[in-house]
Every structure is written in C-alpha cells, then in structure tokens.
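# Coordinate inspection notes
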Amino acid sequence: MTRRTFQRAGETERRKDLIAATLDSISDHGLEGATVRDIAARAGVTGGLIRHYFSGKDEMVQAAYREMLAGMTGTAVDAMAEAGDDPRRRLHDFIVANVSPPIADPKALSLWAAFIGRVRSDDELARIHRENYLLFIGILQGLVDALLTACRHKPAFSEGRHLAVAINGLIDGLWPENSLASDLFDERRLSDIALDAVEALLGGLSLRDAPTAR
C-alpha cells in the first residue's frame, strides 16, 4: 500500500486525494475490505479529517463511483474532442478510446465489478449509475445522429437511440476483453473488432475512410 505524505492542500485537492485513496483501497480490498482507516492512511490524513469532507464510508464510496465513471467517460470524450469536427472521425475515436487503455485496464475493471455488485442494493449508487448511463448513451446518440446526417445514410436501424444502445452493448462486451486478456490480442485487434461491428450496425457505413463528404 502506498501512503501519501501529509501536506497542506486546498479543500478541492484534499477531497480529490481522498476519493483517489478510496478507489485505491477498493481496488485492493473490495468494497467490504476498504476501511476509513486504510483510506485515511493512503491519503496521508487522519480519520477525523475525513469526516470534514464525508459523512462516512458510504458517502466516500458514492463519490468514488461517481469519479470513476466520470473519469472513464471523460477520457473518451477527450479523445473524441481531439478529432475535430469530422463526425466520422469523432465516432471512430470515441469507440476506440472506450475499448483501449486507460479505459480498458485491469484496475478499472476490478473497480467496476466491485461497484456494480452493489448498485442493486444501494439507491444512491443506482442513481449515479443511471445518470452516467444516460449521459453516455446521449453522447453516443449525438455522435451517431451527426454522422448519419452528414452522410445522408439510413441503416436498417435508423433510430439514433437504438443504435446508441447497441453500440454501448458492444463496448461493454469488448472493454473487459482488453482489460483482462490484452496479451492475447494484437495492439489494434479489439478496436478493429469494435469498429467492424459498429460499421455493420450502421449498415456498412465505414468509420475508417477519409473525412466525410458533405
């Protein structure tokens, strides 16, 4: 276990450190094994100071889950943003990011597995999960709608929401593959599989061509 050296820090920075320590503890020990004492030690603070930021372990766990999901979605959004305005490249880069490191990562998968087992029994975790899911589907739908509009293309399933849910299902199936067994695949194999499947859903519309003709 790595302990952070105690330093004076601003309120926002200290809270972020505690959330990071919570994620590290959960990754190592699971939700049940992660304790306030262990989290405090990792963050380099006292247990009493933690109560200044969180009412208890449950609130820390909820904040950690929110941070984990926001970080994964944010990483994919950043990759999409770097693609510029071309809708084909934006969807391409968003999909590739979601099945590649750092999103596809053993630690991320272990954390997701720990949290998802609690979602059905914790109303706040369920709310956080649903909120992020709807955000993610909304982003995907926007990307799909923009591409189909630019290409004047209508696949068999022309409803953007339908396609977004299907693509999300593909991502959810493939990112664990790269998290657990990346050594079994060539560097781009899983991203190519993801792109092939999405292109099929889009009725053969390629995501790997030159910029979309307008």
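Residues numbered from 1 in each chain as written. Predicted model: local features only at pLDDT ≥ 70, side-chain atom pairs only at ≥ 80, totals over all residues. Heavy atoms only, no water.

## Some details on the packing of aromatic side chains
To be explicit about the condition: The aromatic pairing rule takes the rings of Phe, Tyr and Trp, using the six-membered ring of Trp, and pairs them if the centres are within 6.5 Å, calling planes under 30 degrees apart stacked, those over 60 edge-to-face and the rest tilted. Secondary structure counts use DSSP, requiring at least four H or I residues in a row for a helix and at least two E residues in a row for a strand, with both numbered from the N terminus. Here the term buried applies to any residue with accessible area under 20% of the maximum for its type, exposed to any over 50%, and partly exposed to those in between, with areas from a 1.4 Å probe on protein chains only.
Tallied over the full model, the rule gives three aromatic pairs. With a centroid separation of 5.3 Å and 35 degrees between ring planes, the pair formed by Phe94 and Phe136 is classed as tilted. With Phe94 in helix α5 (residues 87-98) and Phe136 in helix α7 (residues 123-151), the pair connects residues that are 42 residues apart, well separated along the chain. We classify Phe136 as buried; its relative accessible area is 9%. Ring centres of Trp112 and Trp175 lie 6.1 Å apart, and the angle between their planes is 85 degrees; this geometry places the pair in the edge-to-face category. With Trp112 in helix α6 (residues 106-119) and Trp175 in helix α8 (residues 160-180), the pair connects residues that are 63 residues apart, well separated along the chain. Accessibility expressed as a relative area gives 33% for Trp112, which makes it partly exposed. Residue classification places Trp175 among the buried positions, given a relative accessible area of 5%.

## Digging into helix α9 (residues 189-201)
Side chains of residues three or four places apart in an α-helix project in the same direction, reflecting 3.6 residues per turn. Put simply, the test is: Multiplying 1.5 Å by the helix residue count minus one yields the expected span of that helix.
Counted at 1.5 Å a residue, the expected span for α9 with its 13 residues is 18 Å, and the 19 Å between its end C-alpha atoms agrees. Considered for burial, the residues of α9 that qualify are Leu190, Ser191, Ala194, Leu195, Val198 and Glu199. Among the residues trailing α9, Gly203 stands out with phi positive, at a value near 70 degrees.

## Considerations on the packing of α8 against α9
Spelled out, the test is: Working convention: axes come from line fits to C-alpha atoms, limited for helices to the stretch in contact. Angles between N-to-C directions cover 0 to 180 degrees. Every angle not falling under 35 degrees, over 145, or within 65 to 115 is termed oblique; those three ranges are roughly parallel, roughly antiparallel and roughly perpendicular. Each crossing gets its handedness from the near helix: less than a right angle anticlockwise from the far helix is left-handed, clockwise is right-handed. It only takes one pair of heavy atoms within 4.5 Å for two residues to be counted as in contact. Residues are grouped as follows: Ala, Val, Leu, Ile, Met, Phe, Trp, Tyr, Cys and Pro are nonpolar; Asp, Glu, Lys and Arg are charged; all remaining types, including Gly, are polar.
At a minimum axis separation of 10 Å, α8 and α9 run at an interaxial angle of 165 degrees. Classified by the angle their axes make, α8 and α9 are roughly antiparallel. Note that α8 runs across α9; the crossing there is right-handed. In contact with Leu163, Ala166, Ile167, Leu170, Leu174, Glu177 and Asn178 of α8, α9 contributes Leu190, Ile193, Ala194, Ala197, Val198 and Leu201. Residue composition of the contact of α8 with α9, by class: eleven nonpolar, one polar and one charged.

## Observations regarding the confidence of the model for the protein chain
The test is simple: pLDDT is a per-residue confidence score from the predictor, ranging from 0 to 100.
Looking at the protein chain, the pLDDT average stands at 88 and 89% of residues meet or exceed 70. Per-residue pLDDT stays below 50 along residues 2-8; that stretch engages in 16 contacts with residues further than four places along the chain or on separate chains. Low pLDDT (under 50) marks residues 210-214, which in the prediction has 14 contacts with non-local residues, meaning those over four places away or in another chain.

## Some details on the pattern of salt bridges
Selection rule: By convention in these notes, a salt bridge is any Lys or Arg side-chain nitrogen within 4 Å of a carboxyl oxygen on Asp or Glu.
Throughout the structure, instances matching the rule amount to twelve salt bridges. Ionic pairing is found between Asp93 and Arg89, a salt bridge with its closest N-O pair at 3.4 Å. Of this pair, Asp93 and Arg89 both sit in helix α5, four residues apart, which is roughly one turn of that helix. A salt bridge links Asp192 to Arg188; the nearest nitrogen and oxygen atoms lie 3.6 Å apart. With relative accessibility at 26%, the residue Asp192 sits in the partly exposed group. Assessed through its relative accessible area of 39%, Arg188 is described here as partly exposed. Overlapping salt bridges bring together Arg188, Asp192, Asp196, Glu199 and Arg208 as one network.

## Remarks on the packing of helix α1 (residues 11-33) against α6
The interhelical angle for the contact between α1 and α6, taken along N-to-C directions, is 45 degrees, at an axis separation of 9 Å. In this view, α1 runs oblique relative to α6, as classed from their interaxial angle. Relative to α6, the crossing made by α1 is left-handed. Contacts between α1 and α6 pair Leu23, Asp24, Ile26, Ser27, Leu31 and Glu32 from the former with Lys107, Ser110, Leu111, Ala114, Phe115 and Arg118 from the latter.

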